[in-house]
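# What the coordinates show
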Amino acid sequence: MRLGGFEPFTASDFPGRPAAIVFSQGCNFRCPFCHNGTLLGPRPAADLLQSRDFFAFLERRQGLLSGVVVSGGEPTLQEGLAGFCRRLKEMGFAVKLDTNGSRPQVISDLIEAQLLDYIAMDIKAPLGRYDLLAGRAGAGGQIINAIALIAQSGLPHHFRTTHVRSLLSAEDLQAVQELVPPGSTHRLQPFMAAAALDPALRHER
Ligand code: SF4
């Protein structure tokens, strides 16, 4: 696993659990509203968080934390993701995956191996606007597959969309909500303009 860093505590990112968040390094999308720009590309090995250091931190938090959010970047790009999640489970932590949904087979394998307890997936935009809203065209098939398998997984989950008013119209939001299967939850999440990847968005309210 290439890890860009971690947050030692969140009371809100893993529903119902005090948790830590670990950020994988690298992403295959380039969302203009991304506020994690330092996590997108490669970084020198010396700047990365060593997995052993993160696990040592978690050892010291046994009994205080009950979950770990595996976020990014995009975690499903990481070769060692299954082993990483398995180690977390063996330590007694519930695992939440944050994903952009671009690698449904990886998500499916993690579900099949019972390595996940919660999944949050971004739906960036209507499928035809992923080129602008995720910096990647042609992702629609993967997104549809990921939505379906997460909705049918039986795991607690939600879908979420960052609401950037200048990029997503009311019609776009309606189209996004139509992608969400009945019985699944969809949440709008706030746009953190000051840290946006695209400088043109940084002054947006
Ligand atoms: S917001 Fe987009 S670019 Fe940023 S980490 Fe998530 S998927 Fe990648």
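Read on for an overview of the structure. Because the structure is a prediction, the values reported are computed rather than measured.

Once that is clear, we can look at the overall build of the protein. Check the secondary structure of the protein and you find 6 helices and 7 strands. Starting at the N terminus and ending at the C terminus, the protein contains elements arranged as β-β-α-β-α-β-α-β-α-α-β-α-β. Expected size for 205 residues packed as a compact globule is a radius of gyration near 17 Å; at 16 Å, the protein falls within 12% of this value. A burial count over the protein gives 49% of its 205 residues as buried. Considering only residue pairs separated by 6 or more positions, the protein has 68% of its internal contacts joining residues 24 or more positions apart.

Moving on: the pairing of strand 6 (residues 157-162). Most of strand 6 is tucked away, with 6 of its 6 residues classed as buried. Alternating residues of strand 6 divide into His157, Phe159 and Thr161 and His158, Arg160 and Thr162, and every residue in both groups is buried. With 4 bridges joining them, strand 5 (residues 118-122) and strand 6 adopt parallel strand pairing. Among the inter-strand pairings, Ile119 is bridged to a residue of strand 6, identified as His157. Looking at chain direction, strand 6 and strand 7 (residues 186-189) are connected through 4 bridges and run parallel. Pairing of Thr162 across the sheet is with Gln189, part of strand 7. Between strand 6 and its parallel partner strand 7, the chain crosses via helix 6 (residues 170-179), and the hand of that crossover is right-handed.

The next thing to look at is the packing of aromatic side chains. Across all of its chains, the model carries 8 aromatic pairs by this definition. On the basis of an interplanar angle of 50 degrees and a centroid distance of 4.8 Å, the ring pair of Phe6 and Phe57 is categorised as tilted. One end of the pair, Phe6, is in strand 1 (residues 3-10); the other, Phe57, is in helix 1 (residues 51-60), and 51 residues separate them in sequence. For Phe6, a relative accessible area of 30% puts it in the partly exposed group.

Turning our attention to helix 3 (residues 104-112). Of all the positions in helix 3, only Pro104, Val106, Ile107, Leu110 and Ile111 are classed as buried. Seen along its axis, helix 3 keeps its buried residues to an arc of 160 degrees; they face one direction. Along helix 3, the residues that are exposed and aim more than 90 degrees away from the buried face are Gln105 and Glu112. Of the residues one or two after helix 3, Gln114 is the one with positive phi, at around 55 degrees.

If you look at the biggest cluster of nonpolar residues, it comprises 55 residues, and the most contacted ones within it are Phe54, Leu58, Leu88, Leu116 and Ile123. Those residues within four positions of Leu88 in sequence are excluded, and the remaining contacts are Phe54, Phe55, Leu58, Val68, Val70, Phe93 and Val95. Ranked by size, the runner-up nonpolar core spans 8 residues in total, among them Ala19, Ile21, Val69 and Ala94.

Moving on, we get to the packing of helix 3 against helix 5 (residues 140-151). Axis separation between helix 3 and helix 5 bottoms out at 9 Å; the angle between their running directions is 15 degrees. Here helix 3 is positioned roughly parallel relative to helix 5, judged by the angle of their axes. For the pair helix 3 and helix 5, the crossing hand works out as left-handed. Taking contact as the criterion, the partners of Pro104, Ile107, Ser108 and Ile111 in helix 3 are, on helix 5, Gln142, Asn145, Ala146, Leu149 and Ile150. The residue makeup of the contact of helix 3 with helix 5, split by class, is 6 nonpolar, 3 polar and no charged.

Thresholds, definitions, all that
- Residues numbered from 1 in each chain as written.
- Predicted model: local features only at pLDDT ≥ 70, side-chain atom pairs only at ≥ 80, totals over all residues.
- Heavy atoms only, no water.
- Helix = DSSP H or I, 4+ residues; strand = E, 2+ residues; numbered from the N terminus.
- Rg over C-alpha atoms; globule rule 2.2 N^0.38 Å.
- Buried < 20%, exposed > 50% of the residue type's maximum accessible area, 1.4 Å probe, protein only.
- Contact = heavy atoms within 4.5 Å.
- Pairing = 2+ DSSP bridges.
- Right-handed = clockwise from strand over helix to strand, strands pointing away.
- Phe/Tyr/Trp six-rings, centres within 6.5 Å; stacked < 30°, edge-to-face > 60°.
- Arc of directions from axis to C-beta.
- Core = buried A, V, L, I, M, F, W, Y, C linked by side-chain atoms within 4.5 Å.
- Axes fitted to C-alpha atoms, helices over the stretch in contact; angles between N-to-C directions.
- Parallel < 35°, antiparallel > 145°, perpendicular 65-115°, else oblique.
- Left-handed = near helix turned anticlockwise from the far one by under 90°.
- Nonpolar A, V, L, I, M, F, W, Y, C, P; charged D, E, K, R; others polar.

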